[in-house]
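Understanding the architecture of this molecule
This is what each chain is made of:
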Amino acid sequence: MKLLDYAKAAGVAFILLAINVLIVILVVMVYALFIEPGHPSEFYDEAAKWLAPWCLHTAGTALFFVAGWFLTTRQPERNAYQMVMIVTLFYLFIDAASVGFAGIWSVGFALSMLAKLLASLAGAFAGSRFRSKPAHPR
């Protein structure tokens, strides 16, 4: 991999984290507006503590699958598996740094990152299978 690929991997990791955070914000907002409206902000702060992990685990894993697929089909000559592993490592570092490296040694964090890694590898595999299909003759 080239140096530019590492910069791209860091950019993709940052974008994935930003999208993940936006999804959490939208889920909490939907919860506040439609499911449990009319409570003080402290109520929603507490709700975010149990909503956020569910959003991050489910939506984050799906995002990593899509990223793995996209990175594989976007530049076929690049080693997709290596790229998605580096994206996941950058994501891990950026995510851990954003919370001051607090709680990163928990089982939940480790399982979440493992799920994201496996999803990105599965996305890379699916993208490589999609990429290698021969074109249909007309």
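Below is a summary of the structure that appears in this document. (Residues numbered from 1 in each chain as written. Predicted model: local features only at pLDDT ≥ 70, side-chain atom pairs only at ≥ 80, totals over all residues. Heavy atoms only, no water.)

A look at the pattern of salt bridges
Put simply, the test is: What makes a salt bridge here is a side-chain nitrogen of Lys or Arg within 4 Å of a carboxyl oxygen of Asp or Glu, nothing more. Where helices and strands are cited, they refer to DSSP runs of H or I of at least four residues and of E of at least two residues respectively, numbered from the N terminus.
Inspection of every chain in the model, using the stated rule, returns two salt bridges. Taking the shortest distance from any N to any O, the salt bridge between R78 and D5 comes out at 3.3 Å. Taken together, the residues span a long stretch of sequence, with R78 in the loop between α2 (41-74) and α3 (80-98) and D5 in helix α1 (residues 3-35) at a distance of 73 residues.

Quick word on the environment of T61
Condition: Every residue pair with non-hydrogen atoms within 4.5 Å of one another is taken to be in contact.
Structurally, T61 can be placed in helix α2. Through-space distance from the C-alpha of T61 to that of N20 is 9.7 Å; in sequence the pair is 41 residues apart. Other than its neighbours up to four places away in sequence, T61 contacts L56, A115, K116 and A119.

Things to note about α2
Selection rule: Residue count minus one, scaled by 1.5 Å, sets the expected span of a helix. A residue's bend is the angle separating two fitted axes: one through the seven residues that end there, the other through the seven that start there.
In this model, α2 (34 residues) spans only 43 Å end to end at C-alpha, well below the 50 Å of a helix rising 1.5 Å per residue. At L51, α2 is bent by approximately 35 degrees, the largest bend along its length, and proline P53 sits one to four residues beyond.

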